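Each chain is listed here by its residues.
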Amino acid sequence: GIQVEQSPPDLILQEGANSTLRCNFSDSVNNLQWFHQNPWGQLINLFYIPSGTKQNGRLSATTVATERYSLLYISSSQTTDSGVYFCAASPNFGNEKLTFGTGTRLTIIP
Amino acid sequence: NAGVTQTPKFRVLKTGQSMTLLCAQDMNHEYMYWYRQDPGMGLRLIHYSVGEGTTAKGEVPDGYNVSRLKKQNFLLGLESAAPSQTSVYFCASTLLPTSAGELFFGEGSRLTVL
């Protein structure tokens, strides 16, 4: 099946810094999503982005489908951005399975 | 609008006991999923359903059963719990297939098997 790899596994930043999280996937995809799991365990949709670029406030994401990677950008980090960020992908000709990466744990220090 | 609701939120079982986790969604979604989350392993798909009355195996189905008798509910059962099933379980739903739809998660159910 499709492999989804995220980097870095851990990231510690000062409040106000910018960050880039990367997601590599092994096959062509028709679904690529980014999620944030907050410190209370809730999983929240950030972006549905199988290709192209989207922005939502301080967060933006870009997926380059032909090169099989996606990037999540967080600008002017706040302590509330802390948590684990997951990307998940579904292959073009696969079944109903969204495969998750192992996540990037982001810690924002005040 | 409650979205995706899971019950119970916490449960402690002894090895060999059985239990059922209930997932309910009020968004009229066709597709529903059960995942488990273990430390350092991300989320892994247990079972899923593409509509009322249907179920299918995911990545780690052994030791679990599911039923989708009503469109809005997806039940996950453990017939004989084992310590390896200690995990956090997440239910999710989407209107369209995961090839095109955004996935929405419940708050999770933490299960401990002693």
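Scroll up to find the structure.
Residues numbered from 1 in each chain as written. Chains lettered and ligands numbered in written order. Predicted model: local features only at pLDDT ≥ 70, side-chain atom pairs only at ≥ 80, totals over all residues. Heavy atoms only, no water.

### Topic: the interface of chain B and chain A
Then, number 1: Facing the 24 residues of chain B at the interface are 19 residues of chain A.
Then, number 2: Contact between chain B and chain A buries roughly 1700 Å² in total, counting both sides, with carbon and sulfur atoms accounting for 53%.
Then, number 3: The interface formed by chain B and chain A contains 4 residue pairs in polar contact (both at pLDDT 80 or more).
Then, number 4: The set of elements that each furnish at least two residues to the side of chain B that touches chain A consists of β4 (31-37), β5 (43-49) and β10 (104-105) of chain B.
Then, number 5: Grouping the constituent residues of the side of chain B that touches chain A by class yields 14 nonpolar, 7 polar and 3 charged. (Contact = heavy atoms within 4.5 Å. Buried area = accessible area lost by both parts, 1.4 Å probe. Polar contact = N/O pair within 3.5 Å; in protein donor to acceptor, adjacent residues only side chain to side chain. Helix = DSSP H or I, 4+ residues; strand = E, 2+ residues; numbered from the N terminus. Nonpolar A, V, L, I, M, F, W, Y, C, P; charged D, E, K, R; others polar.)

### Re the sheet that holds strand β7 (residues 59-64) of chain A
Residues and elements named next belong to chain A.
Then, number 1: If you walk across this open sheet you meet the 5 strands as β1-β3-β8-β7-β6, and the pairing is antiparallel. Bordering the open sheet on either side are β1 (4-7) and β6 (52-56), each of which pairs with just one other strand. The mean inter-strand angle of the sheet, taken between neighbouring strand axes irrespective of direction, is 15°.
Then, number 2: In this sheet, β7 lies alongside β6 in antiparallel orientation, the contact comprising 5 bridges. In the strand pairing of β7, Gly 52 is matched with Thr 63. (Pairing = 2+ DSSP bridges. Axes fitted to C-alpha atoms, helices over the stretch in contact; angles between N-to-C directions.)

### Digging into the pairing of β6(A)
Then, number 1: Counting buried positions along β6(A) yields 0 of 5 residues, so the element is predominantly exposed.
Then, number 2: Counting the residues between successive antiparallel strands, the hairpin from β6(A) to β7(A) contains 2 residues, one of them, Gly57(A), with a positive phi of roughly 65°. (Buried < 20%, exposed > 50% of the residue type's maximum accessible area, 1.4 Å probe, protein only.)

### Thoughts on the pattern of salt bridges
All names here are of chain B.
Then, number 1: Counted under the stated rule, the structure contains 4 salt bridges over all chains.
Then, number 2: Two residues, Asp 38 and Arg 36, come together in a salt bridge whose shortest N-O distance is 3.0 Å. Pair check on accessibility: Asp 38 and Arg 36 agree, each one buried.
Then, number 3: A salt bridge links Arg 44 to Asp 38, with the shortest nitrogen-to-oxygen separation between them at 2.8 Å.
Then, number 4: Look at Arg 44 and you get buried, because its relative accessible area is 18%.
Then, number 5: Salt bridges linked by common partners bring Arg 36, Asp 38 and Arg 44 together as one network. (Salt bridge = Lys/Arg side-chain N within 4 Å of Asp/Glu carboxyl O.)

### Concerning the sheet that holds strand β7 (residues 65-67) of chain B
Residues and elements named next belong to chain B.
Then, number 1: Pairing in this open sheet of 4 strands is antiparallel, and the strands run β1-β3-β8-β7 from one edge to the other. At either margin of the open sheet sits one strand with a lone partner, and together these are β1 (4-7) and β7. Across the sheet, the mean angle separating the axes of adjacent strands is 20° when strand polarity is ignored.
Then, number 2: Where strand β3 (residues 19-25) and strand β8 (residues 73-78) come together, 6 bridges link them in antiparallel fashion. Looking at the pairing, Leu 21 lines up with Leu 76 of β8.

### Some details on the packing of aromatic side chains
Then, number 1: Enumeration over the complete set of coordinates arrives at 10 aromatic pairs over all chains.
Then, number 2: Their ring planes at 65° and their centres at 5.8 Å tell us that Tyr64(B) and Tyr89(B) sit as a pair that is edge-to-face. Here the residue Tyr64(B) occupies a position in the loop between β6 (56-57) and β7, and Tyr89(B) occupies one in strand β9 (residues 87-94), the gap between them amounting to 25 residues. Side by side, Tyr64(B) and Tyr89(B) carry an identical accessibility label, which is buried.
Then, number 3: Positioned above the aromatic ring of Tyr69(A), the side-chain terminus of Arg22(A) is 4.2 Å from the ring centre. (Phe/Tyr/Trp six-rings, centres within 6.5 Å; stacked < 30°, edge-to-face > 60°. Lys NZ or Arg CZ within 6 Å of the ring centre and 35° of its normal.)

So far we have only geometry, and geometry alone does not tell us how the molecule works.
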